[in-house]
Amino acid sequence: MAQPQLMEKIVGLCKRRGFIFQSSEIYGGLNGAWDYGPLGADLKKNIKDFWWKSMTQYRDDIVGMDGSILMNRNVWKASGHEATFSDPMVDCKTCKGRFRADQLTSTPCPQKPSKMVNTCGGELTEPRSFNLMFKTYVGPVEDDHNITYLRPETAQAIFVQFKNILEVSRKKLPFGIAQMGKAFRNEINPRNFIFRSREFEQMEVEFFVKPETGKEWLEQWLKDRLAWYELIGIPRSKIHVLDVPQEDRAFYSGGTYDLEYEFPFGIQELEGIAYRTDYDLTQHQNASGKPLEYFDEETKTKYLPHVVEPSAGVDRTCLAVLCEAYAEETIKDEETGKEETRIVMRFVPKLAPIKVGIFPLLKNKPELVEKAKALAATLRKTMTVFYDESGAIGRRYRRMDEVGTPFGVTIDFETLEGIREGENAGLKETVTLRHRDSMKQERIAIADLPAYLLKQIEG
Ligand code: GAP
């Protein structure tokens with residue numbers, strides 16, 4: 001399938017099935033802002049939950065935090081964001097559009113969309129710097145003393161809380177602090193759906209290490225993060241590792257890898273893994289006047305740790321997961337025998353917004369409906385369930401395929417043949433279990449179903 005067409009289909013599906021809507025849609029939208037609907041909110045939450053567990057639960061060298069979005073303005077002065085967190089911008093004197101000067105060759109002209117801004121004939125101004133931080137005021141008085149910014153990254157809260165967290169967690173180097181949450185950037189040209197927006201979420205770790213081990217940890221994090229993406233269904237073959245050349249990195253950088261994914265609109269950054277040396281802690285120590293050094297009990301010396309920072313975008317990960325999951329297949333309808341196109345989202349089970357669809361074979365058979373509802377209620381305690389009794393069973397399966405539900409369970413007449421009373425009641429009642437990807441169906445005892453599903457979901 002042509003890639004622009006694929007992107008259109010994914011965006012269409014996201015709206016049709018309630019993954020993602022334009023923000024403020026009934027008022028004409030707001031450029032660069034998106035709302036996650038019922039399924040999108042669950043998909044995004046599952047990605048974040050898995051990242052959080054991978055960082056703070058499955059390993060014992062990272063602790064979590066949840067910092068505020070508004071911080072003291074001095075944080076942004078010390079970090080360098082106030083002075084330098086900007087993109088070069090040009091204005092078009094012809095169409096009055098504003099564009100990123102470094103993206104002119106890939107930005108379509110608003111008046112002649114078949115041409116790019118660098119070839120449409122419009123007269124452009126000289127580039128000037130545009131700071132991407134959203135400015136706001138703390139308190140009722142809108143003057144210079146009360147200025148602060150919506151955070152453009154989550155990382156700085158970690159640096160400024162480094163000493164507190166070191167003390168309370170009693171960790172020794174190497175150790176990390178993980179945080180996820182909203183970040184805001186007044187992007188000049190938000191684009192490609194949720195890929196580049198003005199409000200987005202990040203999942204960041206600042207991993208503090210002994211200075212001489214920084215480069216080793218950079219390599220280790222590259223391996224760890226590539227392995228993580230495979231666990232959420234993004235194969236290694238679709239991720240390109242860019243070893244960012246020195247001339248494109250900040251002066252303090254000890255190395256950066258960009259993990260880039262093959263999105264339908266091109267190979268673009270998903271995550272950056274940056275060896276930031278001791279730059280950030282040095283800046284905050286100098287600007288705040290508060291010591292941020294680490295006392296090394298082995299060597300009895302004090303020093304500022306070095307930092308390796310894997311920084312991923314939640315929304316970009318969501319988009320990569322959606323792109324990777326989308327598939328179209330020609331199949332024969334199980335009831336009519338006619339050929340049709342099946343749209344299936346092949347999410348790995350742990351990310352799927354709905355884990356199992358529960359269907360009574362016929363809605364006018366109270367015994368089937370009752371049993372199906374009881375099974376749905378049982379499963380709901382441990383997983384997300386969608387109960388559906390309307391339409392032909394093939395249609396109901398197809399609706400679940402399109403939202404990526406990995407399992408379908410049908411309560412049919414054979415279910416009712418199971419033992420209903422006495423000591424073994426329920427044990428041998430069976431249901432049809434249908435697998436989304438293979439469409440294969442098998443019979444499974446109701447008693448075995450919850451444990452079986454949980455095992456598949458947890459992988
Ligand atoms: N603390 C380092 C940092 O913020 P970054 O490369 O600017 O580094 C990290 O951002 C990640 O945040 C990116 O790899 C991307 O996934 C995500 N991100 C950045 N800007 C974004 C935007 N405008 N919209 C969506 N995601 C964005």
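These notes cover the structure that comes with them. Given the structure is predicted, the values throughout are model-derived calculations rather than measurements. Each residue is numbered by its place in its chain's sequence as written, counting from 1. Only residues with pLDDT of at least 70 get local features here, since the model is predicted, and only at 80 or more are side-chain atom pairs given and counted; chain-wide, interface and lining totals rely on the full set of residues. Excluded from the side-chain calculation are hydrogens and water; included are all heavy atoms of the structure.

### Here's the deal with the pairing of strand 10 (residues 199–209)
A regular strand places its side chains so that they alternate between the two faces of the sheet. The buried fraction of strand 10 amounts to 10 of the 11 residues, a majority that puts the element mostly inside the structure. Pairing between strands is defined by DSSP: at least two bridges between them are needed. Runs of E in the DSSP output that reach at least two residues are strands. Runs of H or I that reach at least four are helices, and both are numbered from the N terminus. As paired elements, strand 9 (residues 175–184) and strand 10 share 10 bridges and run antiparallel to each other. From the neighbouring strand, Ala178 faces strand 10, where its bridge partner is Val205. Three labels apply to residues, based on accessible area from a 1.4 Å probe with only protein chains included: buried if under 20% of the type maximum, exposed if over 50%, partly exposed otherwise in between.

### Digging into the site of the ligand
Here, proximity means that at least one heavy atom of the residue falls within 4 Å of the molecule or strand. As a structural note, the neighbourhood of the ligand is formed by 19 residues, with Glu153, Arg185, Glu187, Glu204 and Glu269 the closest of them. Contacts described as polar in this section are N or O atom pairs within 3.5 Å, which, within protein, must combine one atom able to donate a hydrogen with one able to accept it, while residues neighboring in sequence count only if both atoms come from side chains. The side chain of Arg185 places a nitrogen or oxygen atom 2.8 Å from an oxygen atom of the ligand. Contact distances for the ligand include 2.6 Å between an oxygen atom and a side-chain N or O atom of Glu269. Sorting the residues of the shell around the ligand by element identifies strand 10, strand 13 (266–277) and strand 16 (306–313) as the ones contributing at least two each. Its residues assigned to classes, the shell around the ligand comprises 5 nonpolar, 5 polar and 9 charged. In this classification, Asp, Glu, Lys and Arg are treated as charged, Ala, Val, Leu, Ile, Met, Phe, Trp, Tyr, Cys and Pro as nonpolar, and every other residue, Gly included, as polar.

### Some details on the sheet that holds strand 19 (residues 356–360)
Here we have 5 strands laid out as an open sheet, ordered 20-19-21-22-23, and mixed in their pairing. The open sheet has two edge strands with one neighbour each: strand 20 (385–387) and strand 23 (441–445). Averaged over all pairs of adjacent strands, the angle between strand axes in this sheet comes to 30 degrees, irrespective of strand direction. Strand direction decides the pairing type here: strand 21 (residues 407–411) and strand 22 (residues 430–435), joined by 4 bridges, are antiparallel. Along strand 22, the bridge assignment pairs Gly408 with Arg434. Contacts are assigned to residue pairs that have any heavy atoms within 4.5 Å of one another. The angle between two axes is taken between their N-to-C directions and runs from 0 to 180 degrees, where each axis is a line fitted to C-alpha atoms and a helix contributes only its stretch in contact. The strands touched by helix 10 (residues 366–380) within the sheet are strand 19, strand 20, strand 21 and strand 22, with strand 19 carrying the most contacts at an inclination of about 165 degrees.

### Some details on the packing of helix 2 (residues 38–57) against helix 7 (residues 214–231)
Close contact between helix 2 and helix 7 brings their axes to 12 Å; oriented N to C, the two are set at 140 degrees. Between helix 2 and helix 7, the angle is such that the two are oblique. In this structure, the crossing between helix 2 and helix 7 has a hand that is right-handed. Here Ile47, Phe50, Trp51, Ser54 and Met55 of helix 2 come into contact with helix 7, specifically with Trp221, Arg225, Trp228 and Leu231. Across the contact of helix 2 with helix 7, the residue classes tally to 7 nonpolar, 1 polar and 1 charged. With respect to orientation, any angle under 35 degrees is reported as roughly parallel, any angle over 145 as roughly antiparallel, any angle of 65 to 115 as roughly perpendicular, and every other angle as oblique. Left-handed describes a crossing whose near helix is turned anticlockwise from the far helix through less than a right angle; right-handed describes the clockwise counterpart.

### Remarks on the nonpolar core
Here, nonpolar core refers to any group of buried Ala, Val, Leu, Ile, Met, Phe, Trp, Tyr and Cys residues whose side-chain atoms link them within 4.5 Å. Among the nonpolar cores identified, the biggest contains 63 residues, and Phe19, Leu43, Trp221, Tyr229, Leu322 and Phe347 are the most heavily contacted of them. Among the elements that line this core, the one with the most residues is helix 9 (residues 314–325), at 8 residues. For the domains described, the bounds stem from an automatic or database domain assignment. Two domains each donate at least three residues to this core, and these are domain 1 (4–73 + 150–322) and domain 2 (354–458). Contact partners of Phe347, with chain neighbours within four places excluded, come to Phe19, Leu43, Val321, Leu322, Ala325, Ala352, Pro353, Val403, Gly404 and Arg436. Val63, Met65, Leu132 and Leu304 belong to the second largest nonpolar core, which has 27 residues in total.

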